[in-house]
Protein chains: 2
Amino acid sequence: MKATFRDVKSDIMAKITSGEWEPGRLLPNEMDLAEIYGCARATVNRAMRELADEGVVERRRKAGTRVRMAPLRQARFSIPIVRVEIEEQNSTYRYALVSQEVAAAPQWLRARLQLAADCPVLSLTCMHYADGAPYQFEERWISLGLLPQAQEADFSEIGPNEWLVSTVPFSDAEIAFSATAATPDLADHLGCAQGAALFTVERSTWLKGEAITFVRQSFRPGHRMTSRY
Amino acid sequence: MKATFRDVKSDIMAKITSGEWEPGRLLPNEMDLAEIYGCARATVNRAMRELADEGVVERRRKAGTRVRMAPLRQARFSIPIVRVEIEEQNSTYRYALVSQEVAAAPQWLRARLQLAADCPVLSLTCMHYADGAPYQFEERWISLGLLPQAQEADFSEIGPNEWLVSTVPFSDAEIAFSATAATPDLADHLGCAQGAALFTVERSTWLKGEAITFVRQSFRPGHRMTSRY
DNA sequence: GAGTGGTCTAGACCACGTT
DNA sequence: ACGTGGTCTAGACCACTCT
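Residues numbered from 1 in each chain as written. Chains lettered and ligands numbered in written order. Predicted model: local features only at pLDDT ≥ 70, side-chain atom pairs only at ≥ 80, totals over all residues. Heavy atoms only, no water.

Glancing now at the interface of chain A and chain B. Counting from both sides, the interface comprises 45 residues of chain A and, opposite them, 45 residues of chain B. Both sides of the chain A and chain B interface together cover about 4,200 Å² of buried area, and 55% of this is carbon and sulfur. By the criterion of area lost to chain B, the three top residues of chain A are Arg76, Phe170 and Tyr229 of chain A, representing 18% of everything that side buries. At the junction of chain A with chain B, the criterion picks out four salt bridges. Residues Glu202 of chain B and Arg224 of chain A are paired through a salt bridge, measuring 2.5 Å at the closest nitrogen-oxygen approach. Between chain A and chain B we count 16 residue pairs in polar contact (both at pLDDT 80 or more) in total. Taken together, the elements giving at least two residues each to the side of chain A that touches chain B come down to α1 (5-17), α3 (41-53), β3 (74-78), β7 (172-181), β8 (197-207) and β10 (224-228) of chain A. Element by element, the count of residues in the side of chain A that touches chain B is highest for β7 of chain A, at ten residues. (Contact = heavy atoms within 4.5 Å. Buried area = accessible area lost by both parts, 1.4 Å probe. Salt bridge = Lys/Arg side-chain N within 4 Å of Asp/Glu carboxyl O. Polar contact = N/O pair within 3.5 Å; in protein donor to acceptor, adjacent residues only side chain to side chain. Helix = DSSP H or I, 4+ residues; strand = E, 2+ residues; numbered from the N terminus.)

Looking now at the relation of the copies chain A and chain B. Rotating chain A by 180° about the axis while translating it 0.0 Å along that axis superimposes it on chain B, leaving an RMSD of 0.2 Å. Such a combination of rotation and displacement between the chain copies is what one expects of a two-fold axis. (Least-squares fit on C-alpha atoms with pLDDT ≥ 70 in both.)

What follows covers the nonpolar core. Grouped together as the largest cluster of nonpolar side chains are 64 residues, with contacts concentrated most on Phe177 and Phe199 of chain A together with Phe177 and Phe199 of chain B. Setting aside chain neighbours within four positions, we find Phe177 of chain B in contact with Phe77, Phe177, Phe199, His223, Arg224 and Met225 of chain A together with Phe199, Thr200, Val201 and Met225 of chain B. (Core = buried A, V, L, I, M, F, W, Y, C linked by side-chain atoms within 4.5 Å. Buried < 20%, exposed > 50% of the residue type's maximum accessible area, 1.4 Å probe, protein only.)

The next subject is the pattern of salt bridges. According to the stated counting rule, one finds 32 salt bridges over all chains in the structure shown. Two residues, Lys9 of chain A and Glu50 of chain A, come together in a salt bridge whose shortest N-O distance is 2.8 Å. Of the two residues, Lys9 of chain A is situated in helix α1 and Glu50 of chain A in helix α3; the sequence distance between them amounts to 41 residues. A relative accessible area of 18% places Lys9 of chain A in the buried class. In this structure, Arg112 of chain B engages Glu202 of chain B in a salt bridge whose closest nitrogen and oxygen atoms are separated by 3.6 Å.

What follows is about helix α6 (residues 160-167) of chain B. Those residues of α6 of chain B that sit buried are Pro160, Asn161, Glu162, Trp163 and Leu164 of chain B. Where α6 of chain B is buried, its residues contact α4 (82-88), β4 (93-104), β5 (120-130), β6 (133-143), β8 (197-207) and β9 (210-219) of chain B.

In the neighbourhood of DNA strand D, 22 residues make up the surrounding shell, with Thr4, Phe5, Arg6, Ala40 and Thr43 of chain A lying closest. Of all DNA strand D atoms lying within 4 Å of any protein atom, the proportion belonging to sugar or phosphate reaches 69%. Ala40 of chain A is positioned such that a nitrogen or oxygen atom in its backbone is 2.6 Å from a phosphate oxygen of DNA strand D. A distance of 3.3 Å separates a sugar or linking oxygen of DNA strand D from a polar side-chain atom of Lys62 of chain B. Every element with two or more residues in the surface near DNA strand D is listed here: α1 and α3 of chain A together with α3 (41-53) and β2 (64-67) of chain B. (Near = heavy atom within 4 Å.)

Moving on to the protein's contact with DNA strand C. The environment of DNA strand C is formed by 22 residues, the closest being Thr4, Phe5, Arg6, Ala40 and Thr43 of chain B. Atoms of DNA strand C within 4 Å of the protein belong to the sugar or the phosphate in 68% of instances, the rest to bases. Take Glu30 of chain A: an N or O atom from its main chain is 3.1 Å from a phosphate oxygen of DNA strand C. Interatomic distance of 3.1 Å between a side-chain N/O atom of Arg61 of chain A and a sugar or linking oxygen of DNA strand C. If you list the elements that add at least two residues to the surface near DNA strand C, you get α3 and β2 (64-67) of chain A together with α1 (5-17) and α3 of chain B.

Reading across the sheet, the seven strands line up as β10(A)-β7(B)-β8(B)-β9(B)-β6(B)-β5(B)-β4(B) and stay open at both edges, with antiparallel pairing between neighbours. Taken across any chain shown, the strands that pair with only one partner, and hence form the sheet edges, are β10 of chain A together with β4 of chain B. Averaged over all pairs of adjacent strands, the angle between strand axes in this sheet comes to 15°, irrespective of strand direction. The pairing of β6 of chain B with β9 of chain B spans seven bridges and is antiparallel. Directly across from Gln136 of chain B, in β9 of chain B, lies its bridge partner Phe219 of chain B. With respect to the sheet, α6 of chain B is in contact with β4, β5, β6, β8 and β9 of chain B, its orientation differing from that of β6 of chain B by roughly 45°. (Pairing = 2+ DSSP bridges. Axes fitted to C-alpha atoms, helices over the stretch in contact; angles between N-to-C directions.)

Buried accessible area, meaning the area lost when the parts come together, often serves as the stated size of an interface. One can read the domain layout of chain A as domain 1 (5-67) and domain 2 (82-219). The centre of domain 1 of chain A, based on its C-alpha atoms, is set 44 Å off from the matching centre of domain 2 of chain A. (Domains from an automatic or database assignment.)

Its volume calculated, the second largest pocket comes out at about 830 Å³. In this structure, the second largest pocket is lined by 38 residues; those nearest its centre are Arg73 of chain A together with Ser78, Ile79, Pro80 and Ile81 of chain B. Looking at the lining of the second largest pocket residue by residue, the class counts come to 20 nonpolar, eleven polar and seven charged. (1 Å grid on protein atoms, 1.4 Å probe; cavity = no way out; pocket = protein on both sides within 12 Å on 5 of 7 lines; lining within 4 Å. Points joined across faces, edges and corners; volume = space filled by probe spheres on them. Nonpolar A, V, L, I, M, F, W, Y, C, P; charged D, E, K, R; others polar.)

Locating Ser178 of chain A in the fold gives a position in strand β7. For Ser178 of chain A, a relative accessible area of 6% corresponds to the buried category. Once residues lying within four places of it in the same chain are set aside, the contact partners of Ser178 of chain A are Leu198, Phe199 and Thr200 of chain A together with Phe199, His223 and Arg224 of chain B.

Further remarks concern unusual backbone geometry. Trans is the prevailing form of peptide bonds, just as negative phi is the prevailing case for residues other than glycine. Notably, Asn90 of chain A is not glycine yet its phi reads approximately 60°, a positive angle. Secondary-structure assignment places Asn90 of chain A in the loop between α4 (82-88) and β4 (93-104). The backbone of Lys208 of chain B sits at a positive phi, close to 50°, despite the residue not being glycine. Here Lys208 of chain B lies in the loop between β8 and β9.

Below is the structure:
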């Protein structure tokens with residue numbers, strides 16, 4: 001029975017988790033491992049490449065492969081569209097546009113997105129409901145310099161998030177999670193007390209270095225974002 | 001000049017982002033792509049496997065490879081040890097143990113970790129400071145059923161997080177982000193107003209299906225957790 | 001300079017799921 | 001049944017970087 005890349009990977013992982021191969025330890029090179037496991041070097045290579053991707057080992061040409069000193073733990077979060085997130089909970093989704101206006105980008109937004117001083121932006125605020133109850137308040141700014149067609153789009157039925165995903169499916173983004181106190185306006189829309197602790201997601205998006213949009217999503221009190229790793 | 005797997009990957013990515021290959025579109029099979037790009041099938045395979053990992057395409061045997069309907073965006077967060085996080089900001093780290101006691105696991109904790117009714121746990125609370133200012137308040141519960149040696153450990157100098165990482169380096173975990181209002185106790189330790197909005201991370205950890213530990217980390221007001229993707 | 005990982009090849013067999 | 005992706009092989013050449 002020859003070893004598959006999964007066999008090699010899990011065996012090496014076991015040696016590391018059991019402490020047999022301690023942090024900093026130099027692993028045998030790929031040729032030797034291939035001989036040990038009775039498989040081709042490419043098979044070992046794939047196992048080791050995946051372990052390196054996952055942050056378990058560190059590889060450098062000539063220097064070889066070592067167990068990472070501080071095991072680098074990382075979690076992956078999928079960034080869902082609000083509608084999908086709500087529908088996956090078997091709740092009924094409802095969307096409402098609260099306000100819409102075009103104006104020059106305020107200074108704080110220009111700083112965040114590195115926008116030109118006179119760049120016009122479309123400002124939107126909207127609400128997302130789950131089973132009729134307020135779920136998320138969304139404040140959105142879209143650069144009209146890069147996406148002039150946003151001014152013609154109808155955001156009364158479809159949310160800006162979904163419009164953007166269908167218009168500009170791939171882009172670079174920076175995402176930030178934080179907690180903020182509910183302003184009077186937010187409290188009003190979300191139906192919570194002023195000052196309530198709200199989970200907040202902020203995301204800046206660029207396409208080839210040009211700023212597209214900035215969004216701040218404030219969730220109803222008690223919202224949790226979870227992941228396994 | 002033959003195509004590398006990076007060439008193939010970025011060319012296919014370009015066809016998708018440009019809209020030439022729209023969502024749902026069936027891609028040519030690996031043999032055909034290999035011929036198109038003038039490379040081996042294994043090269044195409046690696047390119048496509050990475051695109052599938054990144055959520056750009058969806059692959060199924062016999063059914064072939066399709067552009068994902070809703071491009072699945074995902075962000076990777078590395079989960080740092082508090083000390084490392086603070087030191088990376090070029091701040092001075094200080095740790096303090098606030099309280100420590102052994103007791104039977106309360107009901108809510110047993111429910112979260114699926115612990116036996118009579119399982120004793122070590123409860124710890126500690127503070128982490130950056131440049132002398134409160135940075136994070138940590139509430140930690142460690143199962144003594146699985147980790148009896150935790151009772152002997154000295155948590156007055158080294159934090160439970162670092163002790164655990166060096167004792168049980170790899171494990172399964174569930175992580176949750178949320179916002180909570182500062183309790184009087186939290187406000188006292190973090191030096192903030194009662195009811196202030198605090199960014200909170202909760203993490204449950206298992207080793208081979210057995211619960212190890214649960215931790216709630218509450219950050220000082222204004223804390224942000226960021227990532228690019 | 002020499003040893004390591006990084007990648008490609010041409011071929012093969014297999015596992016799975018659609019038809 | 002059959003076409004697709006999933007994986008393995010044995011060999012080769014290359015790129016990086018440590019000494």
